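Notes for the structure review
So you can see what is in the structure, the chains are spelled out below.
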Amino acid sequence: QVQLVESGGGLVQAGGSLRLSCLASGMLFRLNPMGWYRQAPGKQREFVARISSGGSTIYVDSVKGRFTISRDNAKNTVYLQMNSLQSEDTAIYYCNRHPPAEDYWGKGTLVTVSS
């Protein structure tokens, strides 16, 4: 049974930084491309960033240059370093494989950016 547990969210002022973590279990983590996704209030969940099993990355245009996705296969963990946060980044952040598996969604971690 796959379990993904996100952590690291919180309240931060605009311009600040946060680092999100996602611990995976029940899957061959090192073989899976992993992604971060977010759902803002009143909006659909959207893709944010992906890291392949080999470490290559892609980002949605709105976070390029501000967010960095990384992974530690020894710890079964994927990270999202978020810098220069803006109010538009306020959302619940989720990790999942990429493309996402519907059965893998966790509870997410809430990021609130105050302006």
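What counts, and where the lines are drawn
- Residues numbered from 1 in each chain as written.
- Predicted model: local features only at pLDDT ≥ 70, side-chain atom pairs only at ≥ 80, totals over all residues.
- Heavy atoms only, no water.
- Helix = DSSP H or I, 4+ residues; strand = E, 2+ residues; numbered from the N terminus.
- Buried < 20%, exposed > 50% of the residue type's maximum accessible area, 1.4 Å probe, protein only.
- Pairing = 2+ DSSP bridges.
- Axes fitted to C-alpha atoms, helices over the stretch in contact; angles between N-to-C directions.
- Phe/Tyr/Trp six-rings, centres within 6.5 Å; stacked < 30°, edge-to-face > 60°.

**What to know about unusual backbone geometry**
For the bond running from His-98 to Pro-99, omega is 0 degrees, close enough to zero to count as cis. Here Pro-99 shows up in the loop between β9 (91–97) and β10 (109–114). Positive phi, normally seen in glycine, also occurs at Asn-76, with a value near 50 degrees. Within the element layout of this structure, Asn-76 appears in the loop between β7 (67–72) and β8 (77–82). For Ser-84, which is not a glycine, the phi torsion comes out positive at approximately 50 degrees. Turning to its location among the elements, Ser-84 is positioned in the loop between β8 and β9. With relative accessibility at 39%, the residue Ser-84 sits in the partly exposed group.

**As for the sheet that holds β8**
What the four strands build is an open sheet, ordered β1-β3-β8-β7; its pairing is antiparallel. If you trace the sheet from one side to the other, it starts and ends with β1 (3–7) and β7, each paired once. Each strand axis lies, on average, 15 degrees off the axis of its neighbour in the sheet, ignoring direction. As paired strands, β1 and strand β3 (residues 18–25) are joined by five bridges and run antiparallel to one another.

**Remarks on the packing of aromatic side chains**
For the structure on display, the rule yields three aromatic pairs. With 6.0 Å between their ring centres and 70 degrees between their planes, Tyr-37 and Phe-47 make a pair best called edge-to-face. On the criterion of sequence distance, the pair formed by Tyr-37 in strand β4 (residues 34–39) and Phe-47 in strand β5 (residues 46–51) is long-range, its members being ten residues apart. Overall, Tyr-37 belongs to the buried group, its relative accessible area being 4%. With relative accessibility at 24%, the residue Phe-47 sits in the partly exposed group. Ring geometry for Tyr-37 against Trp-105: centres 5.2 Å apart, planes inclined by 80 degrees, an arrangement best described as edge-to-face.

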